[in-house]
Amino acid sequence: MCECQDMSMDLTTPRNAYLSAFYKRSFAYHTVKNRMPIILTQLIDMLSRNKEMITQQFGGDASEDLKTVIGEISKLKYEIQTNKPLAKLQTQDEDIKLYNNHIDKQATEEGETTYFNTIWLLTECYMYRRIREIFSLTESFKNFDYFQSFKEEQFHQCNLEILKFWKKCISDNLLAPTTDSNKLAQQAIFQNLIKAILWGNKCDLSISLGKILNNTDLLFNTDADNLDKFILTDDRTNFIEYFFKINESQDRAKLFDIVLDNSGYELIQDLCFATAIALFCSSQGPGQVKIRFHVKAIPWFISDVTKNDFSWTVEQIAQSPDTELSALGKQWKGFLNDNIWEVVVHSFWTTPFEFKYMEEVAPDLYSQLSQSDAIIFKGDLNYRKLFGEKNWDPCTPSKRVLKELNFKLSNILVIRTIKADIVVGLKPGIVEECEKQDAQWMANGDYGVIHFVNSVD
Ligand SMILES: O=P(O)(O)OC[C@H]1O[C@](O)(CO)[C@@H](O)[C@@H]1O
């Protein structure tokens, strides 16, 4: 029997406490106890199933290295299930010291930081970082993306026909300069795109435990109006007003940062959104826009976008046999070649740190983001990190939370389906209503939030 069962308390997470598997009646507990071991088992299964292919692909000692890797992942799973202390990471990579210090800082009075007694954010990020270390300690697999096959399979299951609709809508309406008569139509495009990229965040392989969701089942159609009632707070209009306002003047190029989340359908939707931004700003005059996409430096939470996933996806669309789709992919390549789009990698995104620590831990990234006209955070993990992964009173305004955390970057657009028990900025009564409708509302990604925080002053 798992020792951890004696460790956690039969409690819900107290108000304002950090989320942790210590509280048995929390999604964090369910994740550490059940979901994380399942993800490790699936990884082991994939490696065992594809043993021959992987050995052939990597040659040399790959067969022996694969045995080592499988053994180490099984060991990690055992450590989680028996609530062992988080073992120190060993490689010399720049983020390792940060991880190890953070683990030390979280130690209890007994001097231990264990899976079920520490903050969930650390536990979960640590697991993915440790997996990476296991592979990187071998000769054969230093650059192996062990989640790639899951991501590629997910991409191939996407219904890309939907993109054609967006392509037409975007280029018909956003290439023309804004006039009084077409402004409403242009704003409607942005309203719909933001909604589409919200629901795209449902397609995440860590919440579905590797199960691929069909995007047409999720009704990612032209406007998905029937899902509106599931958006619990919605600042789209404020963001769009701000966006149009900054584009009224052409005195300088506008800069946007999109902190990406998942590959597959979510990434494709995000790229459509970025296409709309690029076309709209460019229609106001040449050289008016730059969009930086922030991706993960290592394979992360199964489906998160790495630099390689980004290029691969653009290439897949560009090479599509469908001429409309391939034109879209070529347009994306053009944006990248012309430096209108740029892919940026920073190891901060794969540390266990909340964003309030960014200024201290990653000052270069912080100063880069300080220049931005808007920073768009996609997804649940970014949400947890941005809002400090505490059990806030859900009615606390998003701006007040960021102020309390002393997070000073401004013009933040946050787009996330709810897959963890943290939420802020809701009107009174909404939580009670959701609880009546669906006991799992904070875990299943069926509900979403869109916050826009101009500034915390
Ligand atoms: O891809 P996203 O939206 O960041 O979701 C990842 C989230 O999904 C989960 O795996 C389920 O909650 C969390 O552990 C994590 O916050």
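Residue numbers restart at each chain and count upward from 1, following the sequence in its written direction. The predicted origin of the model limits local features to residues at a pLDDT of at least 70 and limits the giving and counting of side-chain atom pairs to 80 or more, whereas totals for whole chains, interfaces and linings rest on all residues.

A. View of the pairing of strand 7 (residues 448-453). Taken across its six residues, strand 7 has six buried, putting it largely inside the fold. Remark: C-beta atoms are placed from the backbone, and a residue is labelled buried if 20 or more other C-beta atoms sit within 10 Å of its own, exposed if 12 or fewer do, or partly exposed between those counts. In this description a helix means any DSSP run of H or I spanning at least four residues, a strand means any run of E spanning at least two, and both kinds are numbered starting from the N terminus. Burial of strand 7 is two-sided: the residues G448, I450 and F452 facing one way and the residues V449, H451 and V453 facing the other way are all buried. Relative to strand 7, strand 1 (residues 231-234) is paired through three bridges, and the arrangement is parallel. Bridging across to strand 7, T233 finds its partner in V449. Here the rule is simple: two strands pair whenever DSSP picks up at least two bridges between them. Here strand 6 (residues 412-417) pairs with strand 7 via six bridges, running antiparallel.

B. Structural detail: helix 7 (residues 161-174). Take the residue count of a helix, subtract one, and multiply by 1.5 Å to get its expected span. End to end, helix 7 covers 20 Å across 14 residues, agreeing with the expected 20 Å (1.5 Å per residue, within 8%). Three or more residues of helix 7 are buried, namely L163, W166, I170 and L174. Taken around the axis of helix 7, the buried residues stretch over an arc of 60°, which confines them to a single face. Of the exposed residues in helix 7, those oriented more than 90 degrees away from the buried face are E161, K168 and D172. Along its buried surface, helix 7 packs onto helix 8 (180-200), helix 10 (265-283) and helix 12 (323-337). Each direction from the helix axis to a C-beta atom contributes to the arc, which is the arc of those directions. Contacts are defined on C-beta atoms placed from the backbone: any two residues whose C-beta positions lie within 7 Å are in contact.

C. Looking closely at the environment of L76. Following the sequence through the fold, L76 ends up in helix 3 (residues 62-81). Separated by 54 residues in the primary sequence, L76 and R130 have C-alpha atoms spaced 8.3 Å apart. Once you skip the residues sitting within four places of it in the chain, L76 turns out to touch L40 and R130.

D. Region of interest: the environment of N247. Secondary-structure assignment places N247 in the loop between helix 9 (236-246) and strand 2 (254-259). Residue N247 is classed as partly exposed on the basis of its 19 C-beta neighbours within 10 Å. Residues within four places of N247 in sequence aside, it is in contact with K254, F280, C281 and Q284.

E. Here's a closer look at the domain arrangement of the chain. Note that domain bounds follow an automatic or database assignment of domains. Here the chain is described as being made up of domain 1 (3-146) and domain 2 (150-453). Centre-to-centre, using C-alpha coordinates, domain 1 lies 28 Å away from domain 2. Counting residues at the interface gives 29 residues for domain 1, matched by 27 residues for domain 2. Residue assignment for the side of domain 1 that touches domain 2 shows that the elements contributing at least two residues are helix 1 (27-49), helix 4 (96-105) and helix 5 (120-136). A per-element tally of the side of domain 1 that touches domain 2 places helix 5 first, with eight residues. Classifying every residue of the side of domain 1 that touches domain 2 by side-chain character gives 17 nonpolar, five polar and seven charged. Here the term charged refers only to Asp, Glu, Lys and Arg, the term nonpolar to Ala, Val, Leu, Ile, Met, Phe, Trp, Tyr, Cys and Pro, and the term polar to all other amino acids, Gly among them.

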